[in-house]
Amino acid sequence: MPYILVENFNGGLDRRRKISTAPPGTLWELVNAHITRGGEIQKRKAFIEEYDLPEDTHGLSALTGDLYVFGSVETPSGIPAGINYQRLQHPSGSPTSAAMTEVVDVEVFNGKLYVIARYEDNSTFHFYDGQRIPYWDAGTVQGGATSTADIAAALAAEIDSDSAYIATVSSSVITVTAAVAGVPFTIAGTVSGSGTIPYVTTVPSVPAISEQLAVGSFNITGGTSNPGTNMMASVTVNGVTITSAAVDWTGSNENTAALIAANITAYTSVPNYTATSIGTQVVISAVANSGSSPNGYAVVAVEAGNVTHDTEVAMAGGVTAVAGVAQVTQFTVTGSWEAGDTYQILLNGTEFGGTTANYTAIVLDKKVYVTGGSLLRFCKVNTPTEWDENITSNVGAGFINISNHFSGSDSLTGQAVYQNYLAVFSQSAIQIWNVKSDEEQNEPFQKINSVGSVSPKSILSFSDSDVLFLANSGVRTLKARDSSNQAISNDIGRPVDKLIIEQVATLTSDEIRRASAIVDPIDGRYWLALKNKIFVYSSFREPGQGNISAWSMYEPGFNVDNMLVVNKKTYIRSGDTIYLYGGSANTTYDASEVTIQLPFLDAKKPADFKELLGLNVDCEGEFFIEALVDPRDLNQKVDVGDVDGFTYLDGLADMIGDTTHFAPRLTSTYNGEVTLSNLAVHYEALGATP
């Protein structure tokens, strides 16, 4: 009796080919499980609710093994034991407009936390050990970006990030257009320095006016039934007949009014009209887009026999629609600006400062490096509170304008340590820099075009020589080409790029920006969280087993806001709940459903029919098994039944069906550890397709 053996699952999740042609050893679906070092499938552990947080806390970080969350309010009641709270206040101190909305990034430097936080008024501030660093205050002009064009570009980028406005810049002129026509915005601003930012509204806001249809009317006041004699002979508007024929008085004045209205609506005149009846009244309406034109048109009802009506009311009340006009205001950055000058512009009460809020931080070689706009800034050696390179004592502080070195680097999005270098990302380019404590020794090492990332927390150093990151086309990696350490961008996520791109398409731009990654501290797997899905990359080099490079996916059942590894434990924050993967002992499982869908198997004889006879597995835990039997219709299945453990000595789990291709599907909700080592499908050859 022939059989097909799938002896391992080294290929993992792979969507590069169709389900009917993907090779054995790959998987069409692998949910809530991963591939082990031996090429087996293993269920993920449970996500256990570890801490419930009060409102008004944000982020998740760790310091010396202790967990930290952050906020702008006084320590909220209900902070659980095991969680530390650090208050980071907006300089205004306002509990509402200055409330924290997001922790943008956190780094540990010299045993203290460096935190970048965003607030309700759209401002972003930097803190070290809980104290605000004034250098980074919104609206502070920084060295290297003191020209009027630099300031205008940064201010336009920040305004444009608010969905209420569209901002463009040309040299030193910022043009701000309301996103919604007819909705005006107010303007206020302050400047502290030698420059000014005057403004002029070139296009005032004009509210939209909705069309109102003109109406006229008359009432039926009398008549008796005598078809062909007692009737409404015709109705005209402005001399145009709007009825198709005479309408007999029938039954009552109300019924006759309804019949006349129905006749007017059914008949197409030029121009056309519709009508309704309200009791004995016939109400005539102009059609859409006629606006005010019919106002004053005479309504004439011609009766016959003993039908009577009251005085007609001429068409009136029509209003022509007017499209709203969006407000356009131009701001011109003028004068001479110096580092340390400050400015703010308030649009409808929302503050926009002069520095972009797109910051990321990283620690390398005794310094904190921060990206903002096109600048990579670095602090004084061993002093993350001092950044102004114009102060003589700030040895080592300075900046690099990355856009001066490579096109496509004008808006930086993130950074990571690559080998002993710093890889600096924009959306469409990567620059690798050799940075030193002595800023005079900083030098570019390599430039990589046409690939980058908009998700700073997805950029992660992985293994000894790789940096993985989420690009527009899926997961990519920076990897050394050879002993020179020159990097190349590899398509490491190719097997799951299709699934990742599909998931990204469901996310908002802010959700894409917040995508995050960690390395599992136990087995070194790369986790990439995209809202409610975690894509998992298992990479092992095992003697005698070959190299394993396999993807799978977890569905935790909640949206991932933050992921953190500390003390060999993985914590995930979702809303106000912190989950611990695997529980405190990292051994806890749950009843989450594992789904394993193999691609179609054909015994390398796709044109031959096979009679399915049965199936054996080597597994732990319980599985329900079925088999897809038609690549054209994935809903066509045959049930195999439940299996548990090593079944090769127990006979076959029966399968029934004749087909050329078959694809086993295994699911398990077993509340415990579940593995699948191999699988064999037995069949009887029936011969070639006629």
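Residues numbered from 1 in each chain as written. Predicted model: local features only at pLDDT ≥ 70, side-chain atom pairs only at ≥ 80, totals over all residues. Heavy atoms only, no water.

A. Layout of the overall build of the protein chain. Helices and strands together make up the secondary structure of the protein chain, namely four helices and 56 strands. Against the 2.2 N^0.38 benchmark of 26 Å for 690 residues, the protein chain shows a C-alpha radius of gyration of 35 Å, more extended than a compact globule. Its C-alpha atoms put the protein chain at 105 × 90 × 50 Å along the principal axes. Relative to its 690 residues, the protein chain shows a buried fraction of 51%. The long-range share in the protein chain, meaning contacts at least 24 apart out of those at least 6 apart in sequence, stands at 63%. If you sum the accessible surface of the protein chain, you get close to 29100 Å²; carbon and sulfur atoms cover 48% of it. For the protein chain, the separation between the mean place of its 39 positive charges and that of its 73 negative charges on side chains is 9 Å. (Helix = DSSP H or I, 4+ residues; strand = E, 2+ residues; numbered from the N terminus. Rg over C-alpha atoms; globule rule 2.2 N^0.38 Å. Buried < 20%, exposed > 50% of the residue type's maximum accessible area, 1.4 Å probe, protein only. Contact = heavy atoms within 4.5 Å. Areas by Shrake-Rupley, 256 points an atom, 1.4 Å probe, with all protein chains shown as cover. Lys, Arg positive; Asp, Glu negative; His and termini not counted. Charge placed at Lys NZ, Arg CZ, Asp CG, Glu CD.)

B. Just the pairing of strand E19 (residues 215-222), in detail. Most of E19 is tucked away: six of the eight residues are buried. When E19 meets strand E24 (residues 281-286), the two strands line up antiparallel, connected through five bridges. For Val-215, the partnering residue across the bridge sits in E24 and is Ser-285. Pairing of E19 with strand E27 (residues 313-316), which is carried by two bridges, proceeds in the antiparallel orientation. Following the sheet pairing, Val-215 is matched in E27 by Ala-316. Summarising the sheet, E19 and strand E26 (residues 308-309) pair through two bridges and their orientation is antiparallel. Looking at the pairing, Gly-222 lines up with Thr-308 of E26. (Pairing = 2+ DSSP bridges.)

C. Inspection of the nonpolar core at higher detail. Among the nonpolar cores identified, the biggest contains 35 residues, and Ile-41, Ile-596, Phe-623 and Leu-676 are the most heavily contacted of them. At the level of elements, strand E1 (3-6), strand E5 (33-35), strand E46 (546-554), strand E50 (594-597), strand E51 (608-628), strand E52 (637-646) and strand E56 (675-688) are the ones that each hand at least two residues to this core. Ranked by the residues each element gives to this core, the list is headed by E51, at seven residues. In this structure Ile-596 touches Leu-27, Glu-29, Leu-30, Ile-41, Phe-623, Pro-664, Arg-665, Leu-666 and Leu-676, once residues within four positions along its chain are discounted. (Core = buried A, V, L, I, M, F, W, Y, C linked by side-chain atoms within 4.5 Å.)

D. A look at the sheet that holds strand E7 (residues 47-52). Strand order in the open sheet made by the four strands is E7-E49-E48-E47, with antiparallel pairing throughout. One side of each edge strand has no neighbouring strand; the edge strands of this open sheet are E7 and strand E47 (562-566). Along the sheet, successive strands turn relative to each other by an average axial angle of 30°, direction set aside. Where E7 meets strand E49 (residues 577-581), five bridges bridge the pair, whose relative direction is antiparallel. Among the inter-strand pairings, Phe-47 is bridged to a residue of E49, identified as Tyr-581. (Axes fitted to C-alpha atoms, helices over the stretch in contact; angles between N-to-C directions.)

E. Summary view of helix H3 (residues 497-504). Those residues of H3 that sit buried are Asp-497, Leu-499, Ile-500 and Gln-503. Each buried residue of H3 sits inside an arc of 160° when the element is viewed along its axis, so together they form one side. (Arc of directions from axis to C-beta.)

F. Examining the packing of aromatic side chains more closely. Applying the stated criterion to the full structure yields 23 aromatic pairs. The interplanar angle of 75° and the centroid separation of 5.1 Å between the aromatic rings of Trp-136 and Trp-387 together place this pair among those described as edge-to-face. With Trp-136 in the loop between strand E14 (131-132) and helix H1 (148-160) and Trp-387 in the loop between strand E33 (375-378) and strand E34 (398-401), the pair connects residues that are 251 residues apart, well separated along the chain. The pair formed by Trp-136 and Trp-387 is uniform in burial state, with each residue classed as buried. Aromatic side chains Phe-462 and Tyr-526 sit 6.2 Å apart centroid to centroid with 75° between the ring planes, which places their arrangement in the edge-to-face category. Placement of the pair is Phe-462 in strand E39 (residues 460-462) and Tyr-526 in strand E44 (residues 526-530), with a sequence separation of 64 residues. (Phe/Tyr/Trp six-rings, centres within 6.5 Å; stacked < 30°, edge-to-face > 60°.)

G. Molecular detail of the pattern of salt bridges. What the rule picks out here adds up to 22 salt bridges. The partner of Arg-476 in a salt bridge is Asp-497, with the nearest N and O atoms 3.0 Å apart. In this pair, Arg-476 is assigned in strand E41 (residues 474-480) and Asp-497 in helix H3, connecting sequence segments 21 residues apart. Each of the two residues, Arg-476 as well as Asp-497, counts as buried. Between Arg-514 and Asp-510 there is a salt bridge; the shortest N-O distance is 2.9 Å. Relative accessible area serves as the criterion here: at 34%, Arg-514 is assigned to the partly exposed category. Each of Glu-102, Arg-118, Asp-510, Arg-513 and Arg-514 takes part in salt bridges that share partners, so that together they form one network. (Salt bridge = Lys/Arg side-chain N within 4 Å of Asp/Glu carboxyl O.)

H. A look at the sheet that holds strand E12 (residues 112-119). Pairing in this open sheet of four strands is antiparallel, and the strands run E11-E12-E13-E14 from one edge to the other. The open sheet has two free edges, formed respectively by strand E11 (100-109) and E14, since each of these has just one partner strand. Here E11 runs beside E12; their pairing, made up of eight bridges, is antiparallel. Within E12, the residue paired with Glu-102 across the bridge is Arg-118.

I. A look at a nonpolar patch on the surface. A grouping of Ile-209, Val-319 and Val-322 is seen on the molecular surface, where their side chains present a nonpolar patch of about 200 Å² in accessible area. Considering the arrangement of structural elements, one finds Ile-209 in the loop between strand E18 (199-203) and E19. (Patch = residues over 30% accessible without salt bridge, like charges linked within 9 Å, V, L, I, M, F, W, Y side chains within 5 Å.)

J. Spatial organisation of unusual backbone geometry. Residue Pro-271 is bonded to the preceding Val-270 through a cis peptide linkage, with omega at -5°. The topology assignment puts Pro-271 in the loop between helix H2 (253-266) and strand E23 (273-278). A positive phi is found at Asn-289, a non-glycine position, where the angle reads about 75°. Topologically, Asn-289 is positioned in the loop between E24 and strand E25 (299-304). Phi at Lys-604 takes a positive value of approximately 60°, unusual for a residue other than glycine.

K. Geometry of the environment of Ile-209. Given a relative accessible area of 42%, Ile-209 falls into the partly exposed group. Placed 113 residues apart in sequence, Ile-209 and Val-322 show a C-alpha to C-alpha distance of 4.8 Å. Contact partners of Ile-209, with chain neighbours within four places excluded, come to Val-319, Thr-320, Ala-321 and Val-322.

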